[in-house]
Amino acid sequence: MRPYIYIAMAILSVTMLSCSSTKHKNISYLGEEIISTSQAENLEAPTLNIYEPSGDQEKTPVLIYVHGGNWNQGKKEIYWWLGRNFAQKDVLAVLPGYTLSPNATYDDQAAQIAKAIAWTKENAARYGGDPEKIFVTGHSAGGHLVALAVTNPKYNINPDDISGIILNDAAGLDMHHYLSENPPSASDNYNTTWTTNPKLWKDASPIYFINDKTPPILSYLGSKTYPSITVANNRFKEELIKFQPDARRITLDKKHVPMITQYIFGSNNRYDEIIQFMSEQE
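Conventions adopted
Residues numbered from 1 in each chain as written. Predicted model: local features only at pLDDT ≥ 70, side-chain atom pairs only at ≥ 80, totals over all residues. Heavy atoms only, no water. Helix = DSSP H or I, 4+ residues; strand = E, 2+ residues; numbered from the N terminus. Buried < 20%, exposed > 50% of the residue type's maximum accessible area, 1.4 Å probe, protein only. Contact = heavy atoms within 4.5 Å. Areas by Shrake-Rupley, 256 points an atom, 1.4 Å probe, with all protein chains shown as cover. Phe/Tyr/Trp six-rings, centres within 6.5 Å; stacked < 30°, edge-to-face > 60°. Lys NZ or Arg CZ within 6 Å of the ring centre and 35° of its normal. Pairing = 2+ DSSP bridges. Axes fitted to C-alpha atoms, helices over the stretch in contact; angles between N-to-C directions. Core = buried A, V, L, I, M, F, W, Y, C linked by side-chain atoms within 4.5 Å. Parallel < 35°, antiparallel > 145°, perpendicular 65-115°, else oblique. Nonpolar A, V, L, I, M, F, W, Y, C, P; charged D, E, K, R; others polar. Salt bridge = Lys/Arg side-chain N within 4 Å of Asp/Glu carboxyl O.

**Student:** Is there a simple way to think about the overall build of the protein chain in this case?
**Tutor:** When helices and strands are counted, the protein chain shows ten helices and eight strands. Burial status across the protein chain gives 54% buried among its 282 residues. Considering only residue pairs separated by 6 or more positions, the protein chain has 81% of its internal contacts joining residues 24 or more positions apart. When the accessible surface of the protein chain is totalled, it reaches about 12,900 Å², and 49% of it is carbon and sulfur.

**Student:** Please clarify how the packing of aromatic side chains should be interpreted in this entry.
**Tutor:** What describes a pair of aromatic rings is the distance from one ring centre to the other and the angle between the planes of the rings. Under the defined criterion, the tally for this structure stands at ten aromatic pairs. On the basis of an interplanar angle of 55° and a centroid distance of 5.5 Å, the ring pair of tyrosine 65 and tyrosine 79 is categorised as tilted. Placement of the pair is tyrosine 65 in strand S3 (residues 60-66) and tyrosine 79 in the loop between S3 and helix H2 (80-88), with a sequence separation of 14 residues. The two residues tyrosine 65 and tyrosine 79 agree in class, both being buried. Among the aromatic residues, those joined into a cluster by ring pairs are Trp71, Tyr106, Tyr190 and Trp194. Sitting over the ring of tyrosine 271, lysine 89 keeps its end group 5.4 Å from the ring centre. Here the guanidinium or amino end of lysine 202 rests over the ring plane of tyrosine 208, the centre of that ring lying 5.2 Å away.

**Student:** What should I look at first to understand the sheet that holds strand S8 (residues 248-252) in this one?
**Tutor:** Two orientations exist for strands paired in a sheet by backbone hydrogen bonds: parallel and antiparallel. What the eight strands build is an open sheet, ordered S1-S2-S4-S3-S5-S6-S7-S8; its pairing is mixed. Sheet topology places strand S1 (21-28) and S8 at the edges, where each strand pairs with a single neighbour. If you compare each strand with its neighbour and ignore which way they point, the axes differ by 20° on average. In the packing of helix H10 (residues 269-280) onto the sheet, contacts are made with S3, strand S5 (129-139), strand S6 (164-168), strand S7 (217-222) and S8, and the angle to S7 comes to roughly 160°.

**Student:** Explanation requested: the environment of glutamate 280 in the structure shown.
**Tutor:** Along the polypeptide, glutamate 280 turns up in helix H10. Taking the C-alpha atoms as reference, glutamate 280 lies 9.9 Å from glycine 164; in sequence the two are 116 residues apart.

**Student:** Even after reading the chapter, I still don't get the nonpolar core, so can you show me in this structure?
**Tutor:** It is characteristic of soluble globular proteins that their nonpolar side chains tend to be buried jointly. If you look at the biggest cluster of nonpolar residues, it comprises 53 residues, and the most contacted ones within it are Ile117, Leu167 and Trp194. Here isoleucine 117 is in contact with Ile64, Val136, Ala149, Val150, Ile157 and Ile162, once residues within four sequence places are set aside. Among the nonpolar cores identified, the runner-up in size contains 26 residues, and Ile78, Tyr79, Ile250 and Leu252 belong to it.

**Student:** Looking at this structure, how should I read the packing of helix H3 (residues 106-123) against helix H4 (residues 141-151)?
**Tutor:** Any two packed helices are characterised by how steeply their axes cross, that is the angle between the axes, and by the distance between the axes. Remark: H3 packs on H4, axes separated minimally by 9 Å, with the N-to-C direction vectors making an angle of 70°. What the angle tells us is that H3 and H4 run roughly perpendicular. Across the interface between the two elements, Tyr106, Gln109, Ala110, Ile113, Ala114 and Ile117 of H3 pack against His144, Leu145, Val146, Leu148, Ala149 and Val150 of H4. Residue composition of the contact of H3 with H4, grouped by class: ten nonpolar, two polar and no charged.

**Student:** Whenever I open this one, the pattern of salt bridges confuses me. Can you help?
**Tutor:** Oppositely charged side chains can pair when the atoms bearing their charge come close. Summed over the entire model, instances satisfying the criterion amount to nine salt bridges. Between glutamate 77 and lysine 76 there is a salt bridge, and its shortest N-O distance comes to 2.7 Å. Here glutamate 77 falls in the partly exposed class, since its relative accessible area comes to 32%. For lysine 76, a relative accessible area of 8% corresponds to the buried category. Each of Asp107, Lys154 and Asp203 takes part in salt bridges that share partners, so that together they form one network.

Note that all results are geometric; they support no functional claim without further evidence.
Spelled out as structure tokens, the structure:
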């Protein structure tokens with residue numbers, strides 16, 4: 001069963017609360033740019049949704065959340081509850097979509113997420129957000145994409161514009177290491193997502209771009225997650241602490257999908273931890 005089916009089932013078990021935020025749907029962030037280098041026809045350009053806190057708050061912090069789904073599935077609409085829950089806690093939540101594999105490579109996707117970040121920087125104030133307090137987060141493939149978009153200089157994101165990165169059971173942090181041992185095939189569209197060119201696998205791996213300019217990183221890891229995610233996160237942590245010796249990683253007794261479905265409940269401790277992390281980055 002695909003992960004988003006589990007998510008849908010979990011949502012049905014939750015008693016919904018009255019909405020205290022404003023949702024702005026399907027906002028274009030790419031303009032007239034090509035959707036992907038694959039030149040796939042008849043594709044709709046990805047858009048983003050914004051969840052704006054209600055009330056008269058001024059300059060709330062901004063959190064950009066990028067969904068996972070193995071780079072070839074998932075959509076931003078599934079995670080409305082995450083956007084709403086953050087907005088109810090006075091955080092402007094931005095949820096961008098992106099073109100999925102096989103209609104896009106990791107490079108296309110990271111470039112789109114970089115465009116979403118740049119768009120948010122330019123437009124956050126229109127929705128009450130503080131453009132000087134932009135954080136990015138993602139689960140699974142989404143964690144990879146936000147980390148890559150921010151750390152790889154080819155995507156033209158100034159690391160000083162990002163106040164912090166929150167990785168949630170992030171996949172793909174060291175694709176060079178993984179693909180060298182597990183070459184990409186047609187399975188899961190990996191031959192399209194990553195290409196079969198080993199020279200590009202380092203370019204796809206955030207671990208090789210960590211430096212003293214990297215924004216502060218808070219990481220979450222499930223103790224029962226996939227072995228490949230555990231290995232990559234451990235390698236990433238070893239590199240990160242060379243530059244951020246106090247970087248915090250929180251390990252939870254969960255499998256991969258529950259690492260995100262826990263956010264369905266607005267009372268989950270992760271919200272407090274993330275908001276605390278955000279408040280510390282002044």
